[in-house]
Amino acid sequence: MERQRWGYAVLLALALALPFFVDDAVLWMKVMCFALFASAFNLLLGYAGLLSFGHAAFLGSAGYVTGHLIKEMGFPPELGILAGTGFAALLGFAFGALAIRRQGIYFAMITLALSQLIFFAAVQLPFTHGEDGLQGIPRGKLFGVVDLNSPYGMYYTVLGIFLLGFLLIYRTIHSPFGQVLRAIKENEPRAISLGYDVNRYKLLAFVLSAALSGLAGSTKALVFQLESLTDVQWHMSGEVVLMTLLGGMGTVFGPLAGSFVVVMIEDYFAGLGEWVPVIMGCIFVFCVLVFRRGIVGEVAALWKKRA
């Protein structure tokens, strides 16, 4: 336990010092946004056993709401982020109420179909500007004090949002609520026999996951000052599945490792154009065959074996 605390302290110190040693802080802010997105998805898949193919709807819709409110209606960034997160939570409640009535592949297909409705709305609604997207979203000042146009101000704001979201997920996983989710994933009939309202727990997990995904999407819109159809396409839902499985499904730090690897590969091989998905696919197949529990899962297993 003491070693873990020291490890967390070292990681936090590195994160705080990072902008002073790198030239491209935006890349690391992107990593944190996707790490929060993947962690939120992992809460649903890794701990509740619910595979959603529609999580891009929460990421993208929250970004559109935040961008529109800040750019067109003059909202301050903190209210824009809260509004985007709240909208994602409401959307998650609507999606979850419909989807949790089914299980397995049927649940996944329902979430995918509902997500495509959001994509269609993003294409057609005038305030989203279709394929052009929302461009030039002003960052403004957080609480009227922190200038988000400053690289340092934006970086530490994103870091703070990521840490708050991640700590909420960590606390949820290690709470009685999280233990019930594990029980539902491992043996749902037994959880029902013990008197738990399984559908209510699933819905709460779905809404929480959607809200945190929306928080990641709202933050990402501010980082890039842009929101486009890329964030609501089904490809993004597949990408977050890749991040989670690559890092280690059902592990606390797996989604962080997976999002880091995926974002870095996309950035490093960006010049190869259409070959990037091919490279990503090969890496995914390799990891599935060699690291069946994901990067963090395999490392944790080796550590336990040595201990």
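So, here's what we can say about the structure. Note that the structure is a prediction, hence the values are computed from the model and not measured. Numbering of residues starts from 1 in each chain and follows the order in which that chain's sequence is written. Predicted model: local features are reported for residues with pLDDT of at least 70 only, side-chain atom pairs are reported and counted for 80 or more only, and whole-chain, interface and lining totals are derived from all residues. As a convention, hydrogens and water are excluded, and side-chain values are obtained from all of the structure's heavy atoms.

**Things to note about the overall build of the protein**
Phase 1 of the analysis: In this text, helices come from DSSP runs of H or I with a minimum length of four residues, and strands from runs of E with a minimum of two, each type numbered from the N-terminal end. When helices and strands are tallied, the protein shows 13 helices and 4 strands.
Phase 2 of the analysis: Both definitions apply: the radius of gyration is a C-alpha atom measure, and the globule rule equals 2.2 Å times residues to the power 0.38. Compactness check: the protein gives a C-alpha radius of gyration of 19 Å against a globular reference of 19 Å for 307 residues, within 12% of the reference.
Phase 3 of the analysis: In terms of overall dimensions, the protein has C-alpha extents of about 50 × 45 × 40 Å along its principal axes.
Phase 4 of the analysis: We call a residue buried when its accessible area falls under 20% of the maximum for its residue type, exposed when it is over 50%, and partly exposed in between, using a 1.4 Å probe and counting protein chains only. Expressed as a percentage of its 307 residues, the buried residues of the protein come to 47%.
Phase 5 of the analysis: Considering only intrachain contacts with a sequence separation of at least 6, the fraction spanning at least 24 residues in the protein is 74%.
Phase 6 of the analysis: Every accessible area reported is derived by Shrake-Rupley at a probe size of 1.4 Å, with residue values counting cover from the shown protein chains alone. Split by element, the accessible area of the protein, about 15,600 Å² in all, is 67% carbon and sulfur.
Phase 7 of the analysis: Where the 20 positive side-chain charges of the protein centre and where its 18 negative ones centre are 15 Å apart. By definition, residues are in contact when any of their heavy atoms lie within 4.5 Å. Working convention for charge: Lys and Arg count positive, Asp and Glu count negative, and His plus the chain ends are omitted. The atoms used to mark charge sites are NZ of Lys, CZ of Arg, CG of Asp and CD of Glu.

**So, helix H13 (residues 294–306)**
Phase 1 of the analysis: The span expected for a helix works out to 1.5 Å for each residue beyond the first. Between the first and last C-alpha of H13 there are 18 Å, a value that for 13 residues agrees with the 18 Å anticipated at 1.5 Å per step.
Phase 2 of the analysis: For H13, the complete set of buried residues consists of Gly294, Gly297 and Glu298. Seen along its axis, H13 keeps its buried residues to an arc of 95°; they face one direction. H13 presents Val299, Leu302, Trp303 and Arg306 as exposed residues on the side facing more than 90 degrees away from its buried surface. By construction, the arc corresponds to the directions joining the helix axis to the C-beta atoms.

**Looking at the environment of Leu194**
Phase 1 of the analysis: Assignment of secondary structure puts Leu194 in the loop between helix H8 (188–193) and helix H9 (198–224).
Phase 2 of the analysis: Here Leu194 falls in the exposed class, since its relative accessible area comes to 55%.
Phase 3 of the analysis: Along the primary structure Leu194 and Ala57 are separated by 137 residues, whereas in three dimensions their C-alpha atoms are 34 Å apart.

**Some remarks on the environment of Met154**
Phase 1 of the analysis: Summarising the element assignment, Met154 is placed in helix H6 (residues 151–173).
Phase 2 of the analysis: Classification of Met154 by relative accessible area gives buried; the value is 1%.
Phase 3 of the analysis: The residues touching Met154, leaving out its near neighbours within four places in the chain, are Met29, Arg139, Asp147, Leu148, Leu222 and Val223.

**Quick look at the packing of aromatic side chains**
Phase 1 of the analysis: Pairing of aromatic rings covers Phe, Tyr and the six-membered ring of Trp, with a centre-to-centre limit of 6.5 Å; geometry is then stacked below 30 degrees between planes, edge-to-face above 60, and tilted otherwise. Scanning the model with the defined rule gives 9 aromatic pairs in all.
Phase 2 of the analysis: Summarising the aromatic geometry, the rings of Phe107 and Phe206 are spaced 6.0 Å apart at their centres and angled 85° between planes, so their arrangement reads as edge-to-face. On the criterion of sequence distance, the pair formed by Phe107 in helix H5 (residues 104–124) and Phe206 in helix H9 is long-range, its members being 99 residues apart. Like Phe206, Phe107 is buried.

**Looking at a nonpolar patch on the surface**
Phase 1 of the analysis: Within this analysis, patches are made of residues with over 30% relative accessible area and no salt bridge. Like charges are joined at 9 Å or less; nonpolar side chains (Val, Leu, Ile, Met, Phe, Trp, Tyr) at 5 Å or less. The term salt bridge refers to a pairing of a side-chain nitrogen on Lys or Arg with a carboxyl oxygen on Asp or Glu at a separation within 4 Å. There is a patch of nonpolar side chains on the surface, built from Tyr8, Val10, Leu11, Leu14 and Tyr170 and spanning about 470 Å² of accessible area.
Phase 2 of the analysis: Considering each element in turn, the nonpolar patch owes the most residues, 4 residues, to helix H1 (residues 2–17).
Phase 3 of the analysis: Residue position: Val10 is located in helix H1.

**Some remarks on the packing of helix H2 (residues 25–48) against H9**
Phase 1 of the analysis: Axis lines are fitted to C-alpha atoms, over the contacting stretch for helices. Their N-to-C directions set the angle, which ranges from 0 to 180 degrees. At a closest axis distance of 8 Å, the pairing of H2 and H9 adopts a crossing angle of 170°. Between H2 and H9, the angle falls in the class roughly antiparallel. Within the contact between the two elements, H2 uses Val26, Met29, Lys30, Cys33, Phe34, Leu36, Phe37, Ala40, Phe41, Leu43 and Leu44 and H9 uses Ala205, Phe206, Leu208, Ser209, Leu212, Ser213, Leu215, Ala216, Thr219, Lys220, Val223 and Phe224.
Phase 2 of the analysis: Polarity classes work like this: nonpolar for Ala, Val, Leu, Ile, Met, Phe, Trp, Tyr, Cys and Pro, charged for Asp, Glu, Lys and Arg, and polar for all others, with Gly in that last group. Tallied by class, residues from the contact of H2 with H9 come to 18 nonpolar, 3 polar and 2 charged. Throughout this description, any angle smaller than 35 degrees is read as roughly parallel, any larger than 145 degrees as roughly antiparallel, any in the 65 to 115 degree range as roughly perpendicular, and the remainder as oblique.

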